[in-house]
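One-letter residues, chain by chain:
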Amino acid sequence: MPRGEKRWSNPLRDPRDKRLPRIAGPCSLIIFGVTGDLARKKLMPAIYDLANRGLLPPSFALVGFGRRDWDDEDFAKVVHDAVREHARTGFREEVWERLTEGFRFVQGSFDDDASFDRLKDTLATLDKERGTDGNHAFYLSIPPNAFPTVCEQLHRSGLATSSNRDNWRRVVIEKPFGHDLESAKQLNAIVNSVFPESSVFRIDHYLGKETVQNILALRFANQLFDPLWSSHYVDHVQITMAEDIGLGGRAGYYDGIGAARDVIQNHLLQLMALVAMEEPISFEPKQLQAEKIKVLSATSNILPIAENTARGQYGPGWQGSEKVPGLKDEEGFAKDSTTETYAAIALEVDSRRWAGVPFYLRTGKRLGRRVTEIALVFKRAPHLPFDKTMTEELSQNALVIRVQPDEGITLRFGSKVPASSMEVRDVNMDFSYGTAFTEASPEAYERLILDVLLGEPSLFPVNEEVELSWEILDPVLDCWAQEGSPDSYESGTWGPASADEMLERTGRSWRRP
Ligand code: BG6
């Protein structure tokens, strides 16, 4: 097909409109780990959604690499089912037909040289016949112990290096980026020995969420919040990522990893960095990264660690009307598993802006409900000129960034109760994406895959951020390793009692989102 032909272009879209995302240039995406959950539930649907939005080039190719005895059509069928089940946008036959023209499947295994030689031939044919122009992104949606082999194969076969300066090779890696600082350094060394850091895209899908990117807009496009955004007014910050799902079926990945490594090391520390960082000079990737790196470098655990952290493991309980088993009874978990499914830590940021303000980060499985939020809880007014009985139901002001679900922002403040003499009670002022915008939010993976294809690295944590995050977490993990088993909590509740005690010791309490 002739290159440059705008076969997928959306007639409603003006390509010069800077407010809209750019369309990727000629390229292919090669997925390692096509049979995994992530590929099926997130990557394949995101690719279709991008095509449907007119953001992929006409020459785009999707290549699956795996052990299954599939041909291109079998692969297309798998993608089709995934798209039908999980895509965000409606199914359009003409988009699908054009997309599948670029589907290829290469059957092979990671340790087999011949398989990678076949992959190389496939990509060369795509370059020639479809016009992918030597631009290829390799998506490693595979267990980390397979990274070194695949990187080595990409290097050996010459696939990791572009043939000239006009085309590119990129690698996309999914977490976990190691299990501690040491292993992260080793992993980074392996990846960087094959791909320069500028070609490495580490996925932290939280950064692809609209509500997370909006933290930058909220902070830096407004005059209203910045004066309040410091230890002068903020008492503490709570970052909560709660899930109601359990870990049935995920033992292979999760057992021995636990909640802190699974999401605090990456998602929650990235959220904290965005909340605590200074204004970047611009939104150029380097500037943004520099500010996040400064915050992470200035962050440390509040001591003593044992008293300022909590961890738990869910026991049996009720999730709504469903009776659910405890972790130790989930398939694949050992009866004596010490893997934590709940983790809470307390951090401080040693900077003029944040000195003395604790950042509490918590996450857990099988909690009361699925919700992710960032709450800045403000100090109490220095003086309340009311009768004490009038303010019994008044709590601290709070600005809550509702990351998901029910995306938006809430401002909580006190207001006079109508018809009372002067009773003051908490009320909420709400901004909600659903009512404020007609535009729907893309899935995080749509944004991130498009950014990989565009070579736009702003939303991808660099090596240094990953290592700094492990530096923060390692002492906590060491402390827990010496303590034995995590506390137990009933499924459907808000975590172990030790987490409540951790905050109570400071006169604070967790929000009930
Ligand atoms: C992943 C974790 O990174 O994020 C999972 O490995 C977790 O354990 C998932 O369930 C949650 O993502 P989201 O976007 O549904 O909050």
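Keep in mind that this is a model prediction, so the values were computed, not measured.

S.K.: What is the right way to read the site of the ligand from this model?
M.R.: The ligand sits among 14 residues. The nearest are Tyr206, Lys209, Glu243, Asp262 and Lys365. At a separation of 2.9 Å, an oxygen atom of the ligand approaches a polar side-chain atom of Lys175. Contact between the ligand and Arg250: an oxygen atom at 2.7 Å from a side-chain N or O atom of the residue. When isolated, the ligand has an accessible area of 400 Å², and the protein chains bury 83% of it. At three residues, helix H9 (residues 258–276) tops the list of elements feeding residues into the shell around the ligand. Residues that form the shell around the ligand fall into these classes: four nonpolar, three polar and seven charged.

S.K.: Explanation requested: the pairing of strand E1 (residues 28–32) in the structure shown.
M.R.: Remark: a regular strand shows side chains that alternate across the two faces of the sheet. Most of E1 sits inside the fold, with five of its five residues counted as buried. Neither face of E1 is exposed, since Ser28, Ile30 and Phe32 on one face and Leu29 and Ile31 on the opposite face are all buried. Pairing analysis gives five bridges linking E1 to strand E4 (residues 136–140), with the strands arranged parallel. Considered in E4, the bridge of Ser28 is made with His136. Examined bridge by bridge, E1 and strand E2 (residues 61–66) share five bridges and lie parallel to one another. Its bridge partner being in E2, Leu29 is matched across the sheet by Leu62. Running through helix H1 (residues 37–52), the crossover from E1 to the neighbouring parallel element E2 is right-handed.

S.K.: What is the right way to read the packing of aromatic side chains from this model?
M.R.: Centre-to-centre distance and the angle between the planes together describe a pair of aromatic rings. Under the counting rule described, the total for this entry stands at 20 aromatic pairs. Look at Phe65 and Phe110: their rings are 6.1 Å apart centre to centre, the planes differ by 20 degrees, and that puts the pair in the stacked class. One end of the pair, Phe65, is in strand E2; the other, Phe110, is in the loop between strand E3 (103–107) and helix H4 (113–130), with 45 residues separating them in the sequence. Phe110 gets classed as partly exposed once you look at its relative accessible area, which sits at 22%. With 5.9 Å between their ring centres and 65 degrees between their planes, Tyr342 and Tyr489 make a pair best called edge-to-face. Placement of Tyr342 in strand E11 (residues 342–349) and of Tyr489 in strand E17 (residues 487–491) is noted, with a sequence separation of 147 residues between them. The same class applies to Tyr342 as to Tyr489, namely buried. Among the aromatic side chains, those forming a connected cluster through ring pairs are Tyr48, Trp70, Phe75, Phe91, Trp96, Phe103 and Phe105. For the cation-ring pair, Lys209 lies above Tyr206, with the distance from its terminal atom to the ring centre recorded as 4.6 Å.

S.K.: Teacher, can you tell me more about the side chain of Arg219 here?
M.R.: Mapped onto the secondary structure, Arg219 falls in helix H7 (residues 210–220). Nearest to the buried, unbridged Arg219 among oppositely charged side chains is Asp226, at 4.7 Å. When near neighbours in sequence (up to four residues on either side) are disregarded, Arg219 contacts Trp229, Leu274, Val275, Ala276, Met277 and Arg353.

S.K.: Would you mind showing me how to read the packing of H7 against H9 here?
M.R.: Two quantities define a packed helix pair, namely the angle between the helix axes and the distance between the axes. In contact at an axis separation of 9 Å, H7 and H9 are set at 10 degrees when each is read in the N-to-C sense. When the interaxial angle is binned, H7 and H9 end up roughly parallel. Across from Val212, Ile215, Leu216 and Arg219 in H7, the residues of H9 making contact are Leu271, Leu274, Val275 and Ala276.

S.K.: Just to check I follow, could you spell out the side chain of Asp204 for this structure?
M.R.: Secondary-structure assignment places Asp204 in the loop between strand E6 (200–203) and H7. Despite its burial, Asp204 pairs with no opposite charge, the nearest such side chain being Lys292 at 7.8 Å. At 2.7 Å, the side chain of Asp204 forms a polar contact with the side chain of His267. What Asp204 contacts, discounting residues up to four positions off in sequence, is Asn266, His267, Gln270, Leu448 and Pro461.

S.K.: Please clarify how the pattern of salt bridges should be interpreted in this entry.
M.R.: Side-chain pairs of opposite charge can arise where the charged atoms are in close proximity. Inspection of the entire model under this criterion finds 24 salt bridges. Across the pair Glu446 and Arg88 runs a salt bridge, and its minimum N-O distance is 2.7 Å. Taken together, the residues Glu446 in helix H12 (residues 444–454) and Arg88 in the loop between helix H2 (72–86) and helix H3 (93–100) connect sequence positions 358 residues apart. The residue Lys365 makes a salt bridge to Glu243 at a minimum N-O spacing of 2.6 Å. Of this pair, Lys365 sits in the loop between strand E12 (359–364) and strand E13 (371–378) while Glu243 sits in the loop between strand E7 (234–242) and helix H8 (251–254), placing them 122 residues apart in sequence. Here Lys365 falls in the buried class, since its relative accessible area comes to 4%. Here the residues in one salt-bridge network are Asp37, Arg40 and Lys41, joined through shared partners.

S.K.: Would you take a moment to explain a nonpolar patch on the surface for this structure?
M.R.: Residues Leu384, Phe386 and Met422 make up a contiguous nonpolar surface patch of about 230 Å² in total accessible area. Relative to the helices and strands, Leu384 resides in the loop between E13 and strand E14 (398–404).

About the criteria used
- Residues numbered from 1 in each chain as written.
- Predicted model: local features only at pLDDT ≥ 70, side-chain atom pairs only at ≥ 80, totals over all residues.
- Heavy atoms only, no water.
- Near = heavy atom within 4 Å.
- Polar contact = N/O pair within 3.5 Å; in protein donor to acceptor, adjacent residues only side chain to side chain.
- Areas by Shrake-Rupley, 256 points an atom, 1.4 Å probe, with all protein chains shown as cover.
- Helix = DSSP H or I, 4+ residues; strand = E, 2+ residues; numbered from the N terminus.
- Nonpolar A, V, L, I, M, F, W, Y, C, P; charged D, E, K, R; others polar.
- Buried < 20%, exposed > 50% of the residue type's maximum accessible area, 1.4 Å probe, protein only.
- Pairing = 2+ DSSP bridges.
- Right-handed = clockwise from strand over helix to strand, strands pointing away.
- Phe/Tyr/Trp six-rings, centres within 6.5 Å; stacked < 30°, edge-to-face > 60°.
- Lys NZ or Arg CZ within 6 Å of the ring centre and 35° of its normal.
- Lys, Arg positive; Asp, Glu negative; His and termini not counted.
- Salt bridge = Lys/Arg side-chain N within 4 Å of Asp/Glu carboxyl O.
- Contact = heavy atoms within 4.5 Å.
- Axes fitted to C-alpha atoms, helices over the stretch in contact; angles between N-to-C directions.
- Parallel < 35°, antiparallel > 145°, perpendicular 65-115°, else oblique.
- Patch = residues over 30% accessible without salt bridge, like charges linked within 9 Å, V, L, I, M, F, W, Y side chains within 5 Å.

As far as function goes, none of this settles anything; it's purely spatial.
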